[in-house]
Amino acid sequence: MTLINSAPSYGMHPCMLRLDHTETVLGTANYSSGSVVFNRLRTVEDDGGVGVQVGWKVHDFKGYRFGDPHRQEAAHAHSVVFDPDNSHALVCDLGMDKIVTYAFNHDNHAILPGCTTFDDRLFDPTIGCELVESKGVEFSADPCSGPRHLEFHPNGDFVYSVNELSASIDCHLYDRVNGALIRQSAVKMLPPDWPTDRNVAHMNHGRWAADIKIHPNGKFVYASNRLHNSIVCYEIMEDGGLDWLGHTETLGETPRSFTLSPDGKLMVVAHQHSHNLVSFLVNTDTGELKSAGFQIEVPYAACVQVVEHRVP
């Protein structure tokens, strides 16, 4: 790979990037500053680099008092995801136990001459609308749960959010008009007898959930448990609820991230503390995972993605 350019994230410790569905806007979640920023991407004809910053929001912690004082002492934006209609951006805030929805005005937003919206006070609503606009739509997760990531089902009507601190998954219906999440149910990600190891029991009772993915065929949800070093699999029911199918050991330590191939036949798991990527074969009928027998060394592997190779 060749570095094209870099751009400031206007926040501390950026932890997740996500493209909108037109692949012209890049969203970035800044964990320590509890903010989300949006940049235009330059065209491929130019160089495809990260362009000007055109949207910026900071979450108001408002003295939230119901969280874990060690992990939820401030707002902590952990991820940003665009909905299937590209009309809303949803931001998981681990520190506030909230998922915040912003209207995403891709086609008719205003960029002020000579400045960006880094400082919202510079925005003049008479010119147009903001790229990302707060509508006051928020989902409040259970106290001390810590929403981390979320994924949309291929049908666009179901949303699944993984909670890091409670090691649970919330199952939502999605209101496409307002961008609201309506939780229908929740499931736990760990076996009832966990933790059995005293070495991990002291850390939030062994709960440390990380990533979540939906199988391309829309039948299964997978999520990773870091201290348990497992991938848990659920079958998606007709109403969007989840039915537990099983746990699979990931053959490494701290599965922080994983990804599925576009055909859903392969999963690759990134382990942060055993420094390796491990591949698994996926049974597309049952959801079962089986080791593919391959792994490679990658120091401090924190994220893995499948990138489509496009021939010019």
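The numbering scheme is per chain: residues are counted from 1 as the chain's sequence reads. Local features in this predicted model are restricted to residues whose pLDDT is 70 or higher, and side-chain atom pairs enter the listing and the counts only when it is 80 or higher, whereas totals over whole chains, interfaces and linings include all residues. As a rule here, side-chain values come from all non-hydrogen atoms in the structure, and water together with hydrogens is ignored.

What follows deals with the pattern of salt bridges. Think of a salt bridge as a Lys or Arg side-chain nitrogen and an Asp or Glu carboxyl oxygen that are within 4 Å of each other. Under the defined criterion, the tally for this structure stands at 12 salt bridges. In this structure, Glu164 and Arg226 form a salt bridge, with 3.4 Å as the shortest nitrogen-oxygen distance. On the criterion of sequence distance, the pair formed by Glu164 in the loop between β10 (158–163) and β11 (168–175) and Arg226 in the loop between β14 (220–225) and β15 (230–236) is long-range, its members being 62 residues apart. To sort residues, take the accessible area from a 1.4 Å probe on protein chains only and compare it with the maximum for the residue type: under 20% means buried, over 50% means exposed, and anything in between is partly exposed. Judged by its relative accessible area of 2%, Glu164 is buried. With relative accessibility at 3%, the residue Arg226 sits in the buried group. Across the pair Asp211 and Lys213 runs a salt bridge, and its minimum N-O distance is 2.8 Å. The same class applies to Asp211 as to Lys213, namely buried. Overlapping salt bridges bring together Arg71, Arg148, Glu164 and Arg226 as one network. Where helices and strands are cited, they refer to DSSP runs of H or I of at least four residues and of E of at least two residues respectively, numbered from the N terminus.

Strands were regarded as paired on the criterion that DSSP finds at least two bridges between them. Pairing is antiparallel across the open sheet formed by 4 strands, whose spatial order is β1-β2-β3-β4. The open sheet terminates on both sides in strands that have one partner only, identified here as β1 (14–19) and β4 (50–58). Sheet twist, expressed as the average angle between the axes of neighbouring strands with direction ignored, equals 25°. Bridge analysis of strand β3 (residues 35–41) against β4 gives 6 bridges, and the strand direction is antiparallel. For Ser35, the partnering residue across the bridge sits in β4 and is Val58. Only C-alpha atoms enter the line fits that serve as axes; for helices the fit covers just the stretch in contact. Angles between N-to-C directions range over 0 to 180 degrees.

Turning to unusual backbone geometry, a few remarks are in order. That bond from Trp194 to Pro195 is cis: its omega, 5°, falls within 30 degrees of zero. Mapped onto the elements, Pro195 comes out in the loop between β12 (180–188) and α1 (198–201). You will see that Asn86, though not glycine, has its phi angle at about 60°, which is positive. With respect to the helices, strands and loops of the structure, Asn86 is situated in the loop between β5 (77–82) and β6 (88–93). At Ala167, a residue that is not glycine, the phi angle is positive and equals roughly 50°. Take Ala167: it is sitting in the loop between β10 and β11. The exposure class assigned to Ala167 is buried, which follows from its relative accessible area of 2%.

Read across the open sheet, the 4 strands follow the order β5-β6-β7-β8; overall the sheet is antiparallel. The sheet is open, and its two borders are formed by β5 and β8 (132–140), each paired with just one other strand. Across the sheet, the mean angle separating the axes of adjacent strands is 25° when strand polarity is ignored. By the bridge criterion, 5 bridges tie β5 to β6 in an arrangement that is antiparallel. Its bridge partner being in β6, Ser79 is matched across the sheet by Cys92.

Moving on, we get to the nonpolar core. Counting 22 residues, the largest nonpolar core has Tyr160, Ile169, Met189, Val221 and Leu242 as the members making the most contacts within it. Elements with a contribution of two residues or more to this core: β10, β11, β13 (209–214), β14 and β15. One finds Val25, Phe82, Ala89 and Phe104 within the second-largest nonpolar core, a separate group that totals 15 residues. Each nonpolar core is a collection of buried residues, namely Ala, Val, Leu, Ile, Met, Phe, Trp, Tyr and Cys, held together in the definition by side-chain atoms within 4.5 Å.

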